[in-house]
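Observations on chain architecture
These are the residues of each chain, in order.
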Amino acid sequence: MLERIAENGTAVQQERAKQALVLSEQMREQRQKAVRTEALRGAGPAVRQRSVHSAQFLSNLPGVLVRSEGSAPSGDPAVDEAYDGSGATYDLFWDVYQRNSIDGAGMPLVSTVHYQKGYDNAFWNGYQMVYGDGDEDLPEEDRLFNRFTISLDVIGHELTHGITQYTANLTYANQSGALNESFSDVFGSLVRQYQLRQTAAEADWIIGKGLFTSNVSGVGLRSMKEPGTAYNDPILGKDPQPGHMRDYVTTTRDNGGVHINSGIPNHAFYYAAIEMGGYAWEKAGRIWYVTLRDRLRAGSTFQDAANLTFAVAGDLFGANSLEQQAVKRAWSLVGIEVTGDGGGNGSPNPGCLQAFLKLLRGA
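Notes on the structure follow. Here the structure is a predicted model, which means the values were calculated and not measured.

Below, the discussion takes up the nonpolar core. Of all hydrophobic cores here, the largest spans 80 residues; its most connected members are Leu 92, Phe 187 and Trp 288. Ranked by residues supplied to this core, first place goes to helix H3 (residues 77-97) with ten residues. When neighbours within four sequence positions are excluded, Phe 187 is seen to be in contact with Leu 92, Phe 93, Tyr 97, Thr 160, Gly 285, Trp 288 and Tyr 289. Counting five residues, the second-largest nonpolar core is a separate cluster that includes Ala 55, Tyr 115, Tyr 119 and Phe 123.

In this section: the pattern of salt bridges. Taken as a whole, this structure holds 14 salt bridges when the rule is applied. Of the charged contacts, one joins Asp 91 and Arg 48 as a salt bridge, the two residues approaching to 2.3 Å between their closest N and O atoms. With Asp 91 in helix H3 and Arg 48 in the loop between helix H2 (11-33) and strand E1 (50-54), this pair connects stretches of sequence that are 43 residues apart. By relative accessible area, Arg 48 is classed as partly exposed at 31%. Its salt-bridge partner being Glu 81, residue Arg 147 comes within 2.7 Å of it at the nearest N-O pair.

Our focus in this paragraph is helix H9 (residues 302-317). Taking 1.5 Å of rise per residue, the 16 residues of H9 would be expected to cover 22 Å, and the 22 Å separating its terminal C-alpha atoms lies within 8% of that figure. The element H9 is largely enclosed, with a buried count of twelve among its 16 residues. Those residues of H9 not exposed but buried are Phe 302, Asp 304, Ala 305, Ala 306, Asn 307, Leu 308, Thr 309, Phe 310, Ala 311, Val 312, Ala 313 and Gly 314. Of the residues trailing H9, Gly 318 is marked for its positive phi of about 105°.

Across the sheet, five strands lie side by side as E2-E1-E3-E5-E4; this open sheet has mixed pairing. Either end of the sheet is taken by a strand with one partner, and the two such strands are strand E2 (64-68) and strand E4 (122-124). Sheet twist, expressed as the mean angle between neighbouring strand axes with direction ignored, is 20°. Bridging between E1 and strand E3 (residues 109-113) involves five bridges; their strand directions are parallel. By the bridge assignment, Arg 50 is partnered in E3 with Leu 109.

Attention now goes to the packing of aromatic side chains. Applying the stated criterion across every chain yields a total of 20 aromatic pairs. Their ring planes at 50° and their centres at 5.8 Å tell us that Tyr 270 and Tyr 271 sit as a pair that is tilted. The exposure class assigned to Tyr 271 is partly exposed, which follows from its relative accessible area of 26%. Relative to Trp 331, the ring of Trp 288 lies with its centre 6.1 Å away and its plane at 5°, an arrangement referred to as stacked. Of the two residues, Trp 288 is situated in helix H8 (residues 284-295) and Trp 331 in helix H10 (residues 322-333); the sequence distance between them amounts to 43 residues. Look at Trp 331 and you get buried, because its relative accessible area is 1%. Site record: aromatic cluster; members linked through ring pairs are Trp 205, Phe 269, Tyr 270, Tyr 271, Trp 288 and Trp 331. Residue placement shows Lys 117 over the ring face of Phe 57; its charged tip is 5.3 Å from the ring centre. Sitting over the ring of Tyr 194, Arg 197 keeps its end group 4.0 Å from the ring centre.

Locating Thr 167 in the fold gives a position in the loop between helix H4 (152-166) and helix H5 (174-196). Through-space distance from the C-alpha of Thr 167 to that of Asp 103 is 8.2 Å; in sequence the pair is 64 residues apart.

Moving on, we get to the packing of helix H7 (residues 263-276) against H10. Viewed as axis vectors pointing N to C, H7 and H10 meet at an angle of 145°, and their least axial separation amounts to 8 Å. Here H7 and H10 pass one another in a crossing that is right-handed. Between H7, through Pro 265, Ala 268, Tyr 271, Ala 272, Glu 275 and Met 276, and H10, the contact on the second element is made entirely by Leu 322, Glu 323, Ala 326, Val 327, Arg 329, Ala 330, Trp 331 and Leu 333.

Among the five residues of E3, four are classified as buried, and the element is accordingly described as predominantly covered. Alignment of E3 against strand E5 (residues 129-131), held across two bridges, turns out to be parallel. Opposite Thr 112, over in E5, you have Val 130 as the bridge partner.

Cut-offs used in this document
- Residues numbered from 1 in each chain as written.
- Predicted model: local features only at pLDDT ≥ 70, side-chain atom pairs only at ≥ 80, totals over all residues.
- Heavy atoms only, no water.
- Core = buried A, V, L, I, M, F, W, Y, C linked by side-chain atoms within 4.5 Å.
- Buried < 20%, exposed > 50% of the residue type's maximum accessible area, 1.4 Å probe, protein only.
- Helix = DSSP H or I, 4+ residues; strand = E, 2+ residues; numbered from the N terminus.
- Contact = heavy atoms within 4.5 Å.
- Salt bridge = Lys/Arg side-chain N within 4 Å of Asp/Glu carboxyl O.
- Expected span 1.5 Å × (residues − 1).
- Pairing = 2+ DSSP bridges.
- Axes fitted to C-alpha atoms, helices over the stretch in contact; angles between N-to-C directions.
- Phe/Tyr/Trp six-rings, centres within 6.5 Å; stacked < 30°, edge-to-face > 60°.
- Lys NZ or Arg CZ within 6 Å of the ring centre and 35° of its normal.
- Left-handed = near helix turned anticlockwise from the far one by under 90°.

Right under this line is the structure:
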């Protein structure tokens, strides 16, 4: 997406896109190198521990403390959205899955807003959340992105990258990388659904809703319900995501298409959640969470994910249960047939918007 902006946007948009591409790659590499030292300490209290800082349009992290746990709203929308969004993400994982923060041991949730000037991105850098303000300093007619704290599912998505870091630690390339992105989309969507108390049927399944300005022809970054339909815009291009293995994209770009091909497991989760009905975080979400926490390995493939979610569904809800059969049908609908009993440990393969934004042309 950023590459398309770098080619088709105004002079200012092109320059920003180029700068964001360079920084995004640096942040992705930093996230991959992050050491999971917090997991070695004893478990902390099961309470939110949030702090939001301002980079004051510079690059220093974490920046100046603006709001800490329990303090009143600051009146700065970016600060308060980051605070509320990290709290909503903590609530889903603690209330539903009894996971105490990112590392499972009470890791403080640190966020920085107002990162650089006109920065079109948000990312988990391995230690904390960082948010840009989008294009709010440009003339209204040139704005493509709103501030990145505006979308709760983007906040949940990026924080889930931290949870993946402390669990399966899925390698960020090819199918394991696409699973890394997909699990972030799954739980990003569930964070918003949980906050709104929406059933699977009521949810829109859009990732990044509200992130685009009215100048963009699109509803969000991705659609889990209908991959490939989230946007179609002269500057951003057309949403490239497939929703079925027959359309799987083989590419060397975007770390092997991690943001493109994640549409396939995304679609499988959507199908499973819809068939199970009710609130998606209760059954489908639990199956996916336990699979991420306990079963997937760094090199897991789509086939591994299908087999393992099927096995976990059987463990949680019983062999041949409605839930297990729903998982099997969901993967079949995206072109992946469950094999064996789901006992595989992951096979080897031959960060988030930031890498995704590098892909469309020549993907």
